[in-house]
Amino acid sequence: MTTDTIAAISTPPGSGGIGVIRISGPECLEVLSRLFGRTRAGVEDCTALQSHTVYHGWVFDSREEAEAVIDEVLVIPMQAPRSYTAEDVVEIQSHSGNVVMNTILEQVLLKGVRPADPGEFTKRAFLNGRIDLTQAEAVADIINARSVKSLKVAASQNTGVLRERISQMKADVTEVYALYEASIDFPDDAVDTVDAGQALSVLERVLHDCRSFIQLYNDACFIREGINVVICGPPNVGKSSLMNRLIANDRSIVTSVPGTTRDPVRESFNLNGIPLVVADTAGIHPTNDLVEIIGIEKAKEHITEADIILFMQEPGTCIPEKELGKV
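Residues numbered from 1 in each chain as written. Predicted model: local features only at pLDDT ≥ 70, side-chain atom pairs only at ≥ 80, totals over all residues. Heavy atoms only, no water.

K.L.:
Talk me through the pairing of strand S5 (residues 69-78); I want residue IDs and the actual numbers.
P.N.:
Of the strand pairs in this sheet, strand S4 (residues 55-60) and S5 are connected by six bridges, and their pairing is antiparallel. When the sheet's bridge partners are listed, His56 is paired in S5 with Leu74. Across five bridges, the pairing between S5 and strand S6 (residues 89-96) is antiparallel. Opposite Pro77, over in S6, you have Val90 as the bridge partner. (Pairing = 2+ DSSP bridges. Helix = DSSP H or I, 4+ residues; strand = E, 2+ residues; numbered from the N terminus.)

Below is the structure:
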């Protein structure tokens, strides 16, 4: 169990309506008592605040004698273990802006609180037994979800469904193992003989579930990370125009001059809920231009890593079969 108190800004940087500063640890309410008050009169004792209740008030600058107001805020205390980290937690909801939020965080840290490491709130939730590793991974997947489908997959894992299925598989294998071990160690005392057919059925079911998990993982990789699509072909056949049309944005420069695209241009978009990462590459053709040669090599690297290759050619032309292997 952890004994120190940590704090961090839990919302993305930038200007907005609301920002959240999270404090987690045994001293979070004592820390709050030294910077928050429900009236403009100043700070007050917050150790008796009711858990999971929203309180309106102000955060004060304790470095000034007059305790100047920093911001008008909402405060939510959450008593252990009914919090994200399973520790005592306080969340301060202020106006979102770099200056105001960093100033409030600075006030918290001045009270002896340690800055949280990246991902430490989720780490504490795991160490305190609130979530397991599958759910910890799901939290990151929810945050980084690129589509509704990837969000639903991560949200399902975060509910503990995967953990429950793995626990059941483990219990089934352990039961079969225990029965066979008992029959070997105590053959004379065993009342019932082991049903080999039933045991084999259990193990086959577990193997089937393992194969299903592997397939689900492979499918989820596409949903989570996106399908890698590469547009390639000779110069000036419309690769950049197709790229811009797919992503509905003028991301690639389009001109009538061959060789405009040198470095691969990558962009993401969703197709029926499936995330795709599309790359516009340099035109592949014989050349002595050093810059073009480098661009073509990068294009070929992207091709070898692609899940889908969109090869473009001038209308009415075909590629000799012996040339296909050179691309």
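Now that the structure has been shown, we can carry on.
K.L.:
Outline the sheet that holds strand S3 (residues 36-37), listing residues and values.
P.N.:
Taking strand neighbours across the sheet as the criterion, the seven strands line up as S3-S4-S5-S6-S2-S1-S7 in an open arrangement whose pairing is mixed. The sheet terminates laterally at S3 and strand S7 (114-115), the two strands that pair on one side only. Of the strand pairs in this sheet, S3 and S4 are connected by two bridges, and their pairing is antiparallel. Across the sheet, Gly37 pairs through a bridge with Trp58, a residue of S4.

K.L.:
Would you mind going over the pattern of salt bridges in detail, with residue names and values included?
P.N.:
Pairs can form between side chains of opposite charge whenever their charged atoms are close. A full pass over the atoms with the stated rule returns ten salt bridges. When the shortest N-O distance is used, the salt bridge between Arg114 and Asp117 registers 3.8 Å. Using a relative accessible area of 28% as the deciding quantity, one classes Arg114 as partly exposed. For Asp117, a relative accessible area of 47% gives the class partly exposed. For Arg165, the salt bridge goes to Asp209, with nearest N and O atoms at 4.0 Å. Pair noted here: Arg165 is in helix H6 (residues 161-185) and Asp209 is in helix H7 (residues 196-225), with a separation of 44 residues, a long-range link. The class for Arg165 is partly exposed, based on a relative accessible area of 36%. A cluster of three or more residues bridged by salt bridges with shared partners is formed by Asp4, Glu87, Arg114, Asp117, Glu120 and Arg124. (Salt bridge = Lys/Arg side-chain N within 4 Å of Asp/Glu carboxyl O. Buried < 20%, exposed > 50% of the residue type's maximum accessible area, 1.4 Å probe, protein only.)

K.L.:
Just give me the short version of the nonpolar core, but keep the residues and values in it.
P.N.:
Counting residues in hydrophobic clusters, the biggest one holds 23 residues, and the most contacted among them are Leu32, Leu35, Phe36, Val90 and Ile92. Of all the elements in the fold, those that place two or more residues in this core are strand S2 (16-24), helix H1 (28-32), S4, S5, S6 and helix H2 (98-109). When residues of this core are assigned to their parent elements, the largest contribution, five residues, is made by H2. When neighbours within four sequence positions are excluded, Ile92 is seen to be in contact with Gly19, Val20, Ile21, Ile23, Leu32, Leu35, Val59, Val73, Leu74, Val75 and Ile104. Counting eleven residues, the second largest nonpolar core, distinct from the first, contains Ile231, Met243, Phe269 and Met312. (Core = buried A, V, L, I, M, F, W, Y, C linked by side-chain atoms within 4.5 Å. Contact = heavy atoms within 4.5 Å.)

K.L.:
Outline the side chain of Asp209, listing residues and values.
P.N.:
Relative accessible area serves as the criterion here: at 19%, Asp209 is assigned to the buried category. With residues up to four places along the chain from it excluded, the contact list for Asp209 reads Arg165 and Met169.

K.L.:
Let's hear about the packing of aromatic side chains: which residues, and what values?
P.N.:
Counted by the stated rule, this structure contains zero aromatic pairs. Above the face of the Phe121 ring, Arg22 is positioned so that its terminal group lies 5.1 Å from the ring centre. (Phe/Tyr/Trp six-rings, centres within 6.5 Å; stacked < 30°, edge-to-face > 60°. Lys NZ or Arg CZ within 6 Å of the ring centre and 35° of its normal.)

K.L.:
If you had to explain the sheet that holds strand S11 (residues 308-311) to someone new, which residues and values would you point to?
P.N.:
Taken in spatial order, the four strands line up as S9-S10-S8-S11 in an open sheet, and their pairing is mixed. Of all strands in the sheet, those with a lone pairing partner are strand S9 (265-271) and S11, marking the two edges. Taking the axes of each pair of neighbouring strands and ignoring which way they run, one obtains an average angle of 25° across the sheet. Sheet topology places S9 next to strand S10 (residues 274-280); seven bridges connect them, and they run antiparallel. Opposite Ser268, over in S10, you have Val277 as the bridge partner. Each of strand S8 (227-232), S9, S10 and S11 touches helix H9 (residues 290-304); the most contacted strand, S8, lies at about 140° to it. (Axes fitted to C-alpha atoms, helices over the stretch in contact; angles between N-to-C directions.)

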